[in-house]
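Summary of the model geometry
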Amino acid sequence: MIELRTSIKADLVDPLEEWFNELTRCSWGLTADPTGTKFELFGYFDDAALAHAAWAELRAAFKQLPEQPAEMSLDDRDWKEAYKAHLRPCTAGDLHWVPVWLRDEYPLPTGHTRLLFDAGMAFGTGDHPTTRLMAMRLLDFRAARGPKDFAASRVVDAGCGSGILALSAALLGCQNVFAFDRDPEAVTVSQENLVANGMSAGAIECLNAGIEAALKNRRADLLLANIQADVLEIHADDLAAAILPGGTLAMSGILAVEVDDVRAAFEPVLTSAWKYDVPDELEKFGDSRVMGDWCDLVFKRPTPNA
């Protein structure tokens, strides 16, 4: 295993994070010191050739990066320990995502839910704003439905990464959870996290597929789509068609500066498919929350005669 590492300036953190979020599989990560003023970029690769090719690609997009980062060869044990140092527990409401190796060190408040995870090389550790925004929408949906209706609801995690959202829904009591991702590593990691939490194999259904194939003939009461904005726009018809009457489409992976474009892309689709009544002022179309540079966008499908 090869580790690449370099210090970076603060103004590169957000652009790099945005770039990483658009990758199907990301070997890069960012870390900050306790003061939040010094930042490092790091990456882990199977061999030197892959590491050098990845650095060349990254530097082509970010010319401010140095020509050569620090390079270190790690054995399997060293890599696992270095990887663990960059993951930490995260919380959204009464949901707690805890790295599996910290299971005995993290006190869980009474009545709260803990999800043990290991992200591996899949996207999804819970600390990214887009994941937390979707977790908040999951909790909102559970509160609105109540325990009995939530248990019977159909929840879909589109672009599941490490499976955090799908597994959270199942742990909270939902009995019909479907997750998918076009990256086969994401499906593998999601299934490993299911085992780590002592859940039965049928607790979630997980599929390696893209949006169109995964959502064909499938309907959801809640669809959580943490996917980049341009992909959401391309698949607006597929996403809209997957929502049951009275259901919720919650999307993230959207930069705050992109949300108006995403709204505009969904306006004609939802107007036609759902008979959605779009306000005269488009910015009132859909509920949105902002977290840092990121935001979500949520549409609730009307029920007939509601």
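In this section: the pattern of salt bridges. Applying the stated criterion across every chain yields a total of 10 salt bridges. Of the charged contacts in the structure, one is a salt bridge between Glu205 and Arg218, with a shortest N-O distance of 3.5 Å. Taken as a pair, Glu205 in strand 10 (residues 205-208) and Arg218 in the loop between helix 7 (211-215) and strand 11 (220-226) lie far apart in primary sequence, 13 residues in all. Two residues, Arg263 and Asp260, come together in a salt bridge whose shortest N-O distance is 3.3 Å. With Arg263 and Asp260 both in helix 10 (residues 259-273) and three residues apart, the pair spans about one turn of that helix.

What follows is about the sheet that holds strand 8 (residues 154-158). Strands pair in a sheet through their backbones, by hydrogen bonds, and they do so in one of two ways: parallel or antiparallel. Pairing within the open sheet is mixed, and its seven strands lie in the order 10-9-8-11-12-14-13. Unpaired on one side and paired on the other, strand 10 and strand 13 (290-291) mark the two borders of the sheet. When strand 8 meets strand 11, the two strands line up parallel, connected through four bridges. The partner of Ala158 across the bridge, within strand 11, is Ala225. Strand contacts of helix 5 (residues 164-171): strand 8, strand 9 (176-181) and strand 11, with the helix running at about 175° to strand 9, the strand carrying the most contacts. The sheet contacts of helix 6 (residues 184-196) involve strand 9 and strand 10, and relative to strand 10 the element is tilted by about 160°.

Next up on the list: the state of the cysteines. The final tally for this structure, using the stated rule, is zero disulfides. Of the cysteine sulfurs around Cys160, a residue in no disulfide, the closest is that of Cys206, at 4.3 Å.

Taken as a whole and judged by the stated rule, the model has seven aromatic pairs. On the basis of an interplanar angle of 25° and a centroid distance of 5.9 Å, the ring pair of Phe266 and Phe299 is categorised as stacked. In this pair, Phe266 is assigned in helix 10 and Phe299 in strand 14 (residues 294-300), connecting sequence segments 33 residues apart. When the ring of Tyr276 is compared with that of Phe299, the centres are 6.1 Å apart and the planes differ by 85°; the resulting orientation is edge-to-face. Of this pair, Tyr276 sits in the loop between helix 10 and strand 13 while Phe299 sits in strand 14; the two residues are 23 residues apart in sequence, bridging distant segments of the chain. According to the relative accessible area criterion, Tyr276 is buried, its value standing at 16%.

Basis of the calculations
Residues numbered from 1 in each chain as written. Predicted model: local features only at pLDDT ≥ 70, side-chain atom pairs only at ≥ 80, totals over all residues. Heavy atoms only, no water. Salt bridge = Lys/Arg side-chain N within 4 Å of Asp/Glu carboxyl O. Helix = DSSP H or I, 4+ residues; strand = E, 2+ residues; numbered from the N terminus. Pairing = 2+ DSSP bridges. Contact = heavy atoms within 4.5 Å. Axes fitted to C-alpha atoms, helices over the stretch in contact; angles between N-to-C directions. Disulfide = S-S within 2.5 Å. Phe/Tyr/Trp six-rings, centres within 6.5 Å; stacked < 30°, edge-to-face > 60°. Buried < 20%, exposed > 50% of the residue type's maximum accessible area, 1.4 Å probe, protein only.

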